[in-house]
Structure formats: C-alpha cells, structure tokens
Amino acid sequence: MNVEKVIPILNVSNIRESFAWFEKIGWKKLWDWGDPPDFGAVGSGEVEVFLCQNGQGSRGGPMPRHVEDDDTGGVWMSWFLESPTEVDAVYQVALDQGITVTRPPMDYPWGTRECHLRHPDGHTFRVGAGIEEE
C-alpha cells in the first residue's frame, strides 16, 4: 500500500462559521457540498481539512473539560510551518482576529517553536516550526 494523501475530517457544529474561522487565520474555503452545505473543505497550500457539520467524528467545547487539562473532546492536529517567525506571525493574527490561543509561542526541547489555537468546537491546532540549531 502507498498512501498518497491524508485528509483529516473535523466534526463542526456550524460549517459556515468554521469556514470563516479558518479564513481568519489565512486558510481558504475550497468547496462545500449540500443545500444548505453540511460538508466542505478548507486549504492552506497543499494541505486540506474536510469539515462535516454534526458528523464524522467527535467534537468538544471551546475550553478543556478540566482545569490544566488538554482534554477538549475535540481533535488535535499539528500544522508545521517553514520558520519560527511564521509561528509568531500566526499567533499575532490569531490574537488580532479574536481566535482562542491556549498557548503562546514557546520553544520546546524537542526542537520546535509552537503555539496552540483552539477552534470553537474544541479542536486544537499545534502550530509549529523547527528551530534551527546555531
């Protein structure tokens, strides 16, 4: 077997609001299906994420279920960018657009700089880039 592409599917409570959420941080709506739409895709570069309104997976709430817990009930996904500078830029866009940021950019011992963004349906996106060694 040779898998050519993996496209995650996120269960969202409102597909139109989810398209708008992704667009705030630079993704583009690629297509939608249904009348009214209940399935569609967003993309950034060569990467796609499918959105399914009220189906195909779990979703949670906007904040963790327990204090100091990462359990949101939603899906976690890592997005890798070209540089730590881009991570900082996405963080600033998220703040400017009112996107929930659960962790500001930080350098981690495993060699990445990351910030965490939370979708209103509890999905968490680890936005990171490798830290180049001096």
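Residues numbered from 1 in each chain as written. Predicted model: local features only at pLDDT ≥ 70, side-chain atom pairs only at ≥ 80, totals over all residues. Heavy atoms only, no water.

### Brief notes about the overall build of the chain
In terms of regular secondary structure, the chain is built from 2 helices and 8 strands. In the chain, the succession of α and β elements from N to C terminus is β-α-β-β-β-β-α-β-β-β. Here the analysis covers contacts within the chain between residues at least 6 apart in sequence; of these, 50% occur between residues at least 24 apart. (Helix = DSSP H or I, 4+ residues; strand = E, 2+ residues; numbered from the N terminus. Contact = heavy atoms within 4.5 Å.)

### Looking at the pairing of strand 6 (residues 100-108)
Alignment of strand 6 against strand 7 (residues 112-118), held across 6 bridges, turns out to be antiparallel. Each bridged residue has a counterpart across the sheet, and for Asp107 the counterpart in strand 7 is Arg113. Where strand 6 folds back on strand 7, the antiparallel hairpin that results is connected by 3 residues, among which Gly111 adopts a positive phi of roughly 90°. (Pairing = 2+ DSSP bridges.)

### So, a nonpolar patch on the surface
Together, Met1, Val3 and Val6 make up an exposed nonpolar region whose accessible area comes to about 430 Å². When you line up the elements, Val3 lands in the segment before strand 1 (9-12). (Patch = residues over 30% accessible without salt bridge, like charges linked within 9 Å, V, L, I, M, F, W, Y side chains within 5 Å. Areas by Shrake-Rupley, 256 points an atom, 1.4 Å probe, with all protein chains shown as cover. Salt bridge = Lys/Arg side-chain N within 4 Å of Asp/Glu carboxyl O.)

### Some words on helix 1 (residues 15-24)
Structurally, the α-helix is built with 3.6 residues per turn, so residues lying three or four positions apart point the same way. Buried within helix 1 we find Ile15, Ser18, Phe19, Trp21 and Phe22. Down the axis, helix 1 shows its buried residues gathered within 160° of arc, on one side only. For helix 1, the exposed residues set more than 90 degrees away from the buried face come down to Arg16 and Glu17. Capping the start of helix 1, Asn14 holds a side-chain oxygen 3.1 Å from the backbone nitrogen of Arg16, two or three residues further along. Backbone geometry just downstream of helix 1 places Gly26 in the positive-phi region, at approximately 100°. (Buried < 20%, exposed > 50% of the residue type's maximum accessible area, 1.4 Å probe, protein only. Arc of directions from axis to C-beta. Polar contact = N/O pair within 3.5 Å; in protein donor to acceptor, adjacent residues only side chain to side chain.)

### So, the sheet that holds strand 3 (residues 37-44)
Overall, mixed pairing links the 4 strands, which are arranged 1-4-3-2 in an open sheet. Two strands close off the open sheet at either side, each with one partner strand: strand 1 and strand 2 (28-34). The sheet shows a mean angle of 25° between the axes of neighbouring strands, taken without regard to direction. (Axes fitted to C-alpha atoms, helices over the stretch in contact; angles between N-to-C directions.)

Shape is all these values report; function is a separate question.
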